[in-house]
Amino acid sequence: MATHELAGKPAPPEILTNIPRLVTAYFTRRPDPENPAEQVVFGTSGHRGSALHGAFNEDHVLAITQALCEVRAADGIDGPLFVGIDTHGLSEPALVTTVEVLAGNGVSVVLEEGLGATPTPVISHAILCWNRGRSRALADGVVITPSHNPPEDGGFKYNPPSGGPAASSVTSRIQDRANEILSQGLAGVRRLPWKQAMASSDVC
C-alpha cells in the first residue's frame, strides 16, 4: 500500500472543514423536502449527511427526533432514552436540538455527565444493562454520530431496546414520518428551549 503524501504532516488549511461555517449551515439552511438528496434517509440504523449540502440540518434533527418520539410511544417504549455524541462538528448542535424535542415530548433522557463524547458501545451497554430482567419501562438510545463519515458530516443513529442497530422495519417508520414532518413545515414538532429542557425533571 502506498503512503499518502500527507502522512505524518499537518493537514493543509485548504482541506480542513470550516467548522463555524458548517454549524451556521446547520442552523440556517432549510432542506427542500421535495429534493431526495435533502430528505431523511436511514442507512444502517441512522441518517447521515452534511449541513453544507442540505442533508443534515436542524430541520432534519427536529423531524427525526419528533418521529422517533412518536414511533417509540406507538411501540410502548417508555423507559429512559440514553443519548450520546461523538466529536464531529455537528454533534453538539444536533444534541441540543435532539434534547429540546425529547424534553418537549416528555421523554426521560439520560446524558453523559458534562455532555462529553460517548462511544456507540457505551450507549448499547447502558441500554442492555437497564433492560436486563425488565419487561416494562424498557430503555433505548440515540447516538449522534455519522460514524466513519468525513468531518463535515453529522449523523443520528437509533438503538432500540435490543441495544442496536435498529431494524429497517423500525427505521423506515421513523424515516417516513420524519419526511412527512418536513413536508408539513415541521408542524407537530414539540420542543422546549435548551435551558428549560435541561432544567426539566425528564433530563438527567
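Residues numbered from 1 in each chain as written. Predicted model: local features only at pLDDT ≥ 70, side-chain atom pairs only at ≥ 80, totals over all residues. Heavy atoms only, no water.

Remarks on the overall build of the protein chain
Selection criterion: To qualify as a helix, a DSSP run of H or I must reach at least 4 residues; to qualify as a strand, a run of E must reach at least 2; elements of each kind are numbered from the N terminus. Here the globule rule is a power law, 2.2 Å times the number of residues to the power 0.38, and the radius of gyration is based on C-alpha atoms. When a residue's accessible area, from a 1.4 Å probe over protein chains only, is under 20% of the maximum for its type it is buried; when over 50% it is exposed; and in between it is partly exposed.
Across its full length, the protein chain holds 6 helices and 5 strands. Helices and strands in the protein chain line up, N terminus first, as α-β-α-β-α-β-α-β-β-α-α. Compactness check: the protein chain gives a C-alpha radius of gyration of 17 Å against a globular reference of 17 Å for 204 residues, within 12% of the reference. Viewed in the frame of its principal axes, the protein chain has a C-alpha envelope of about 55 × 35 × 35 Å. For the protein chain, the residues scored as buried account for 46% of the 204 residues in total.

Comments concerning the side chain of Asn 57
Worth spelling out the cut-off: In what follows, a contact means two residues having at least one pair of non-hydrogen atoms within 4.5 Å.
With respect to the helices and strands, the residue Asn 57 is situated in the loop between strand S1 (46-50) and helix H2 (58-74). Setting aside residues up to four positions removed in sequence, Asn 57 forms contacts with Ala 25, Tyr 26, Arg 29, Pro 31 and Ala 51.

Some points on helix H5 (residues 168-183)
Formally: The span you would expect from a helix comes to 1.5 Å times its residue count less one. Relevant arc is that of directions from the helix axis to the C-beta atoms, nothing else.
The end-to-end C-alpha separation of H5 is 22 Å, in line with the 22 Å expected for 16 residues at 1.5 Å each. Within H5, burial applies to Val 170, Thr 171, Ile 174, Gln 175, Ala 178, Asn 179, Ile 181 and Leu 182. The arc that holds the buried residues of H5, viewed along the axis, is 155 degrees, so those residues lie on one side. Of the surrounding secondary structure, the elements contacted by the buried residues of H5 are H2 and strand S5 (153-159). At the exit of H5 stands Gly 185, carrying a positive phi of roughly 65 degrees.

Thoughts on the sheet that holds strand S4 (residues 140-144)
What counts here: Whether two strands pair comes down to DSSP finding at least two bridges between them. Note on method: axes are straight lines fitted to C-alpha atoms, helices fitted across the in-contact stretch only, with angles between N-to-C directions ranging 0 to 180 degrees.
Reading across the sheet, the 5 strands line up as S1-S5-S4-S2-S3 and stay open at both edges, with mixed pairing between neighbours. Because the sheet does not close on itself, it has two edges, and the strands there are S1 and strand S3 (109-111). Averaged over all pairs of adjacent strands, the angle between strand axes in this sheet comes to 15 degrees, irrespective of strand direction. Where strand S2 (residues 81-85) lies against S3, 3 bridges are found, and the strand directions are parallel. Its bridge partner being in S3, Leu 81 is matched across the sheet by Val 109. Each of S1, S2, S4 and S5 is contacted by H2, which is oriented at about 0 degrees to S5, the strand it contacts most.

What about the pairing of S5?
Here S5 lies mainly inside the structure; 7 of its 7 residues are buried. Side-chain alternation along S5 places Asp 153, Gly 155, Lys 157 and Asn 159 on one buried face and Gly 154, Phe 156 and Tyr 158 on a second face that is also buried. Pairing between S1 and S5: 5 bridges, direction antiparallel. Looking across to S5, one finds that Gly 49 is bridged to Gly 154. Taken together, the 3 bridges between S4 and S5 define a ladder with antiparallel strand orientation. Pairing of Val 143 across the sheet is with Lys 157, part of S5.

Some words on the packing of aromatic side chains
The criterion, for reference: Only Phe, Tyr and Trp rings are paired, with Trp represented by its six-membered ring, and only when their centres lie within 6.5 Å; those with planes under 30 degrees apart are stacked, over 60 edge-to-face, the remainder tilted.
Under the defined criterion, the tally for this structure stands at 2 aromatic pairs. With a centroid separation of 4.9 Å and 85 degrees between ring planes, the pair formed by Tyr 26 and Phe 27 is classed as edge-to-face. According to the relative accessible area criterion, Phe 27 is partly exposed, its value standing at 37%. Judged by centre distance (6.3 Å) and plane angle (35 degrees), the ring pair of Tyr 26 and Phe 56 falls under tilted. Residue Tyr 26 is found in helix H1 (residues 19-28), and its partner Phe 56 is found in the loop between S1 and H2; the two are separated by 30 residues along the sequence. A single burial state applies to Tyr 26 and to Phe 56, both of which are buried. Feature note: the residues Tyr 26, Phe 27 and Phe 56 constitute an aromatic cluster, connected by ring pairs.

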